[in-house]
Amino acid sequence: MASPTEADPSDKIEQQSHVALMASGVALLLGIAGNLLFRVGELGLNALLAAILLTVVFHLLTRHFQLPLKGAALWLTATVPVLAAVLVWRASLPLIALSVLAVLLALISTALIAHDHSIKNRTFLKRQGQEDPEAEFCARGTWDLIAEALATAFHAVFGIFRLGVATRGSMVNWAPWNTRTGAVLRGVLLATPPLIIFGALFAGADPAFAQLLNNLISVDLNLLGNHIFVTGVFTWLAAGWLYWTVVNDGKQLPCSDALGIRIAALEVSVALGLVMALFIAFIAVQFRYLFGGEEVIQATTGLTYAEYAREGFFQLVAVAFLVLPLLLVGLWLVRGESARNQRLVRLLAIGLEVLIILILASALYRMRLYQEAYGLTYLRFLTTAFIIWLAVVFALFSATVLRGAPRWFIHGALVSALIAVVLLAIVNPDARIVEANVQRAQAGLQFDDNYLRELSSDAVPAILASLAISPEPGLCATAHWLLLNWGSTADADNGSSDWHAWNYSASRARRLVQESEDRLQGLACKTLVIE
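These numbers come from a predicted model, not from an experiment.

1. Details of the side chain of Asp430
Along the chain, Asp430 falls in helix H17 (residues 429–442). The side chain of Asp430 is buried and forms no salt bridge, while Arg90, the nearest opposite charge, is found at 7.5 Å. Side-chain polar atoms of Asp430 contact the side chain of Tyr378, separated by 3.4 Å. At 3.0 Å, the side chain of Asp430 forms a polar contact with the side chain of Ser456. Sequence-distant contacts of Asp430, defined by excluding residues within four places in its chain, comprise Ser92, Tyr378, Leu455, Ser456, Asp458 and Ala459.

2. What about helix H2 (residues 45–64)?
Over its 20 residues, H2 runs 29 Å from end to end, which matches the ideal 28 Å to within 8%, given 1.5 Å per residue. Gln66 occupies a position one or two residues after H2 and carries a positive phi of about 55°.

3. Description of the side chain of Asn428
Among the secondary structure elements, Asn428 is positioned in the loop between helix H16 (407–427) and H17. Under the relative-accessibility criterion, Asn428 is labelled buried at 8%. At 3.3 Å, the side chain of Asn428 forms a polar contact with the backbone oxygen of Asp458. The residues touching Asn428, leaving out its near neighbours within four places in the chain, are Arg90 and Asp458.

4. Re the environment of Leu242
Topologically, Leu242 is positioned in helix H9 (residues 221–247). What makes Leu242 buried here is its relative accessible area of 0%. Residue contacts for Leu242: discarding those within four places in its chain leaves Ala23, Val26, Ala27, Leu30, Leu61 and Val247.

5. Quick look at a nonpolar patch on the surface
The grouping of Phe154, Val157, Phe158, Phe229, Val233, Trp236 and Leu237 at the surface amounts to a nonpolar patch, some 640 Å² of accessible area in total. Those elements giving two or more residues to the nonpolar patch turn out to be helix H6 (142–173) and H9. Counting residues per element, the nonpolar patch draws most heavily on H9, which supplies four residues. Within the fold, Val157 resides in helix H6. Assessed through its relative accessible area of 35%, Val157 is described here as partly exposed.

6. Regarding the confidence of the model for the protein chain
Residue-level pLDDT values for the protein chain average 75, and 70% of them are 70 or greater. Across residues 118–139, confidence stays below pLDDT 50; counting only partners more than four residues off in sequence or on other chains, it has 57 contacts. Low pLDDT, under 50, characterises residues 256–260; the predicted model gives this stretch eight contacts beyond four residues in sequence or across chains.

7. Digging into the packing of helix H20 (residues 475–486) against helix H21 (residues 504–515)
Here H20 crosses H21 at 125°, and the two axes come no closer than 9 Å. With respect to each other, H20 and H21 are oriented oblique. Here H20 runs over H21; the crossing is left-handed. Facing H20, whose interface residues are Leu482, Leu483 and Trp486, H21 presents Ala506, Ala509, Arg510, Val513 and Gln514. Class assignment for the residues of the contact of H20 with H21 results in six nonpolar, one polar and one charged.

8. Section: the packing of helix H14 (residues 339–374) against helix H15 (residues 378–399)
Between H14 and H15, the shortest axis-to-axis distance is 10 Å and the interhelical angle comes to 165°. Judged by the angle between their axes, H14 and H15 are roughly antiparallel. Of the two elements, H14 crosses H15, and the hand of that crossing is left-handed. Two secondary-structure elements touch here, H14 through Glu353, Ile356, Ile357, Leu360, Ala363, Leu364, Met367, Tyr370, Gln371 and Tyr374 and H15 through Arg380, Thr383, Thr384, Ile387, Leu390, Ala391, Phe394, Ala395, Phe397 and Ser398.

Scoring rules and cut-offs
Residues numbered from 1 in each chain as written. Predicted model: local features only at pLDDT ≥ 70, side-chain atom pairs only at ≥ 80, totals over all residues. Heavy atoms only, no water. Helix = DSSP H or I, 4+ residues; strand = E, 2+ residues; numbered from the N terminus. Buried < 20%, exposed > 50% of the residue type's maximum accessible area, 1.4 Å probe, protein only. Lys, Arg positive; Asp, Glu negative; His and termini not counted. Salt bridge = Lys/Arg side-chain N within 4 Å of Asp/Glu carboxyl O. Polar contact = N/O pair within 3.5 Å; in protein donor to acceptor, adjacent residues only side chain to side chain. Contact = heavy atoms within 4.5 Å. Expected span 1.5 Å × (residues − 1). Patch = residues over 30% accessible without salt bridge, like charges linked within 9 Å, V, L, I, M, F, W, Y side chains within 5 Å. Areas by Shrake-Rupley, 256 points an atom, 1.4 Å probe, with all protein chains shown as cover. pLDDT = per-residue confidence, 0-100. Axes fitted to C-alpha atoms, helices over the stretch in contact; angles between N-to-C directions. Parallel < 35°, antiparallel > 145°, perpendicular 65-115°, else oblique. Left-handed = near helix turned anticlockwise from the far one by under 90°. Nonpolar A, V, L, I, M, F, W, Y, C, P; charged D, E, K, R; others polar.

Here you go:
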């Protein structure tokens, strides 16, 4: 018999089962809400409302079950609606993709932090005044946090199965569930999915059978199936996320130290030293050719200055990106060495970091030359922003990993990435691209007006302003494009008439174009067809 001061394992299971049952119900409600919000298949106001709903539900559950979450989890969940607001504010597809990715990162990070404060290891034991002997938390480093994040993403997808297992205890102990009526209800629930699937297939195979079903059931089976599918998908994802954040047992993955993989500092120092030698040789060549003038480049490579700048630019960015895991692995391998040996490896890491900063500066210089020759595009804009973000990440690496606080590096890199997405939305890349290319046109340089017509509604205010400043040969095509997409006769889809997908940028573009419609009608090509 357990002593009065010991936590009874059966009580733990019962507590976790009760939490799992409530989380299952909440997941189903979130699935229904997801179906109602995202049935149009487009992102807009629905994404913001879903983010707010998920944040509120999470805070209510943590308050109800008294989860003592740290401030990091609270502010991370608060960032989810902020990041989702970008989907309402901007219409640029790359920016939307980055925002969705940022929302997923914030949710995974929230689940990762909440995982350390689970029901089993925190709430129940706090009430019992006990420590859980099974909760053996290690001092996690960077790689441990990365592994936990990947496990969190995995459980968010497949956690619904473990949630079902955890719910079984409460269902078994529920009296109505164990009656004959409960057995019939379980049979009906089990039969529902195959009945819907096979019924829909038979209806598609035989019109007479479809007519019979329509007479018996005055419901559009295709529409019903679509609603059930969408609800199921959102319920599935919500259940997995809630399991990992609220219900799970709090057990962590084994620490990376448990792997026992270590390499002596001499081997790691030699490897980093050779990499440094390669970097120094490359930088020496860069100074000779990149800063030696166009004559030197043409005489040696046969390329123009702009062509040379374009060659290898993305490879340099890849090199800078891959150096981070190289340094992290090197420092992790010597974690058991003496302080002196670890200091030697850190000095080599600092040297490599200085060299990579010079390579990033070279990449930025190449991009500037490339933009001066060919203009600004979305890919060039985002790549430049990525280089700047990498420089920030390397600064965080110096302030955390090289000073013996590796776990803060992941947190800092995540925060900087989320801030970068918000800053991109504030800067509005589409408008900056239009302004940069219009300035090129005013200077008499090459101007690709066709590319401007590939931008989103975020660019419309800047394009309208450019029409008054510098009419170009493609002026009539641009005016025609504006009217076709955002004029009074434009399709309703571009204006997001359905409130689910309402977008501020598209709404503003329609308003501005329609206010200038008379002027644009006079400029538009009468016979041009824009594909």
